[in-house]
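Given next are the chains, with one letter for each unit.
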Amino acid sequence: MTNSSPLTPQTKPGNYRWVVCGLLFFATTINYLDRQVMGLLKPVLEQQFNWTETDYSHIVMAFTAAYALGLVLFGKIIDNIGSRLGYTVSITIWSIAAMLHALVKSTLGFGLMRGLLGIGESGNFPAAIKTVTEWFPKKERALATGFFDSGSNIGALVAPIIVPFILGAYGWQAAFILTGIIGFGWLVAWRYFYEVPAKQKRLTPAELAYITSDDNASAGASPAAPIPWAKLFGLRQTWAFIVGKFFTDPIWYFFLFWLPSYFDNTFHLDLKKPSLPLVLVYSGATVGALGGGYLSSLLIKKGWPVYKARKTTLLLSALAVLPIIAARYTTDVWVVVALISLAIAGNAAWSANIFTIVSDMLPKTAVSSVVGIGSMAGAIGGVLFPMLIGFTLDYYKNIHKITAGYNIIFIFCSLSYLIAWLLIHFITPKMKPVGS
């Protein structure tokens, strides 16, 4: 006996799917809160452990390399075991890893703990995207993705408020322990409230019919068979997502792991106190994530083809990042805050839509695998880019012009999204689904 029923124009679906999306939002918030702690503590830890910029870049690379490996593993695992169990494993590993940072006594130890954190955190996005694919029809997926992805920005926004407070009151070890504990509270809620739609007793028949409306529209078609990994790499749709992540994820890692240090070096902010510039900068990400998801969903509701709505929003997102290049021409902290906020908003809008194109173009059975593959490509870029960052900043720090080093990096940031968009357009001009 199924709890689904036909959805008529007069039937209003319920909103339980947004409860599920809320859980994804909080998981992503915690994911980025735990990730961001290191960047905020960098000025303190580099003095205590005598790090160079290259040393710190190696610690970041340990995280991104492990994150890349974990994305591939978790993508395949979650396609096999589902989001409920996959999320349980992922957040347990990353919460324990976050707390273990407090026991570290060496640079090598930080590298090892960042690696373990990266493996655990890599399960978040494959699980979240699969959940959105299962719980939302296509016309709502970009908005749902933008909503839960804004958690990454809220995590980055909250961290500059609470981490300096914990650091000043209890020390850097407590910052890792207290932020790590939060994940276990979320896990209790996840295990209690989440189940796949067909098994979720809290779901009304009308909402289940709404969620599965895309499936009903193609009811005569045969169910999609799992696509082998070797075949996924032969699909243009997979490569569109790969290039979209490879060229842009490293920029977001830079914003996360180096912006606190940039403001410390350039504008001498006291990172032992809540930082208004950082709060404002990461607030831009929340606006971008929600705005980017809303815009493409709105265009689709207005009758635009899905591919055109996604590509238009991606292009506008890429253009929003370009002005960051002007940061080199000003010494006014608030002008810099405005430029970086716009760039981070563009990044967040890009992220909301780049994830959604996977579910637009590929069957549900391949979504987590492709998200894992593409996110691994982004993490590989996140391994390579810190090498350039570390070399560049050490060189300019030694000649006492570190701000000039950051300005060079901003040039790379400004162009990466536009390059990615052009490549996506070349690979998949109309973003046709597999088999069409």
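To be clear, the structure that these remarks concern was listed above.
Here goes a summary of the coordinates provided. Just so you know, these numbers come straight off a predicted model, no measurement behind them.

### Description of the nonpolar core
(1) Moving on: Counting 128 residues, the largest nonpolar core has Phe110, Phe254, Phe263 and Ile340 as its most contacted members.
(2) Moving on: Of the residues forming this core, the biggest block, 15 residues, is contributed by helix α1 (residues 16–48).
(3) Moving on: Those residues in contact with Phe254 that lie beyond four places of it in its chain are Leu259, Phe385, Ile389, Tyr406, Ile409, Phe410 and Cys413.

### Section: the pattern of salt bridges
(1) Moving on: Summed over all chains, the structure comprises 10 salt bridges.
(2) Moving on: Between Glu53 and Lys397 there is a salt bridge, with its nearest N and O atoms 3.0 Å apart. Remark: Lys397 occurs in helix α16 (residues 364–398) and Glu53 occurs in helix α2 (residues 53–81); sequence separation between them is 344 residues.
(3) Moving on: Looking at Glu53, the relative accessible area reads 0%, which means it is buried.
(4) Moving on: Assessed through its relative accessible area of 30%, Lys397 is described here as partly exposed.
(5) Moving on: Notably, a salt bridge pairs Lys245 with Asp249, separated by 3.1 Å at the nearest N-O pair.
(6) Moving on: Take Lys245: its relative accessible area is 5%, and that puts it in the buried class.
(7) Moving on: One salt-bridge network, in which partners are shared between bridges, spans Lys42, Glu46, Glu53 and Lys397.

### Things to note about the packing of helix α6 (residues 138–170) against helix α13 (residues 276–301)
(1) Moving on: Packing of α6 against α13 leaves a shortest axis separation of 8 Å and a crossing angle of 180°. The pairing of α6 with α13 is recorded here as roughly antiparallel in orientation.

### Let's talk about helix α12 (residues 249–267)
(1) Moving on: Taking 1.5 Å as the rise per residue, α12 with 19 residues should run 27 Å; its terminal C-alpha atoms sit 26 Å apart, in good agreement.
(2) Moving on: The principal kink in α12, of about 55°, is found at Trp258, preceding the proline Pro260 by one to four residues.
(3) Moving on: Summarising burial for α12: 17 of the 19 residues are buried, a large majority.
(4) Moving on: Downstream of α12 by one or two residues, His268 has phi in the positive range, about 55°.

### Looking at unusual backbone geometry
(1) Moving on: Even without being glycine, Asn50 reaches a positive phi, approximately 55°.
(2) Moving on: The residue Asn50 is located in the loop between α1 and α2 in this model.
(3) Moving on: Notably, His400 is not glycine yet its phi reads approximately 60°, a positive angle.
(4) Moving on: As for its position among the elements, His400 is in the loop between α16 and α17 (402–427).
(5) Moving on: For His400, a relative accessible area of 74% translates into the label exposed.

### Some details on the environment of Val72
(1) Moving on: Topologically, Val72 is positioned in helix α2.
(2) Moving on: C-alpha of Val72 to C-alpha of Phe263: the two residues are 191 residues apart in sequence and 34 Å apart in space.
(3) Moving on: Setting aside chain neighbours within four positions, we find Val72 in contact with Trp229, Gly372 and Met376.

What counts, and at which threshold
Starting afresh in each chain, residues are numbered from 1 along the sequence in its written order. For this predicted model, a pLDDT threshold of at least 70 governs which residues receive local features, and a threshold of 80 or more governs which side-chain atom pairs are given and counted, while totals over whole chains, interfaces and linings are taken from all residues. Water and hydrogen atoms play no part in the side-chain values, which are based on all heavy atoms of the structure. Here, nonpolar core means buried Ala, Val, Leu, Ile, Met, Phe, Trp, Tyr and Cys residues that are tied together by side-chain atoms lying within 4.5 Å of each other. Remark: exposure states derive from per-residue accessible area (1.4 Å probe, protein chains only) relative to the maximum for the residue type, with buried under 20%, exposed over 50%, and partly exposed in between. The helix count covers DSSP runs of H or I at least four residues long, the strand count covers runs of E at least two residues long, and both are numbered beginning at the N terminus. Here a residue-residue contact requires only that any non-hydrogen atoms of the pair lie within 4.5 Å. Throughout this description, the term salt bridge denotes a Lys or Arg side-chain nitrogen within 4 Å of a carboxyl oxygen of Asp or Glu. Each axis is a line fitted through C-alpha atoms, taken for helices only over the stretch in contact, and angles between the N-to-C directions span 0 to 180 degrees. Working definition: roughly parallel below 35 degrees, roughly antiparallel above 145 degrees, roughly perpendicular at 65 to 115 degrees, and oblique for all remaining angles. By definition here, a helix of n residues has an expected span of 1.5 Å times n minus one. Across the chain, bend at a residue is computed as the angle between axes fitted to the seven residues ending at that point and the seven starting from it.

Any functional reading would require information beyond the geometric quantities listed.
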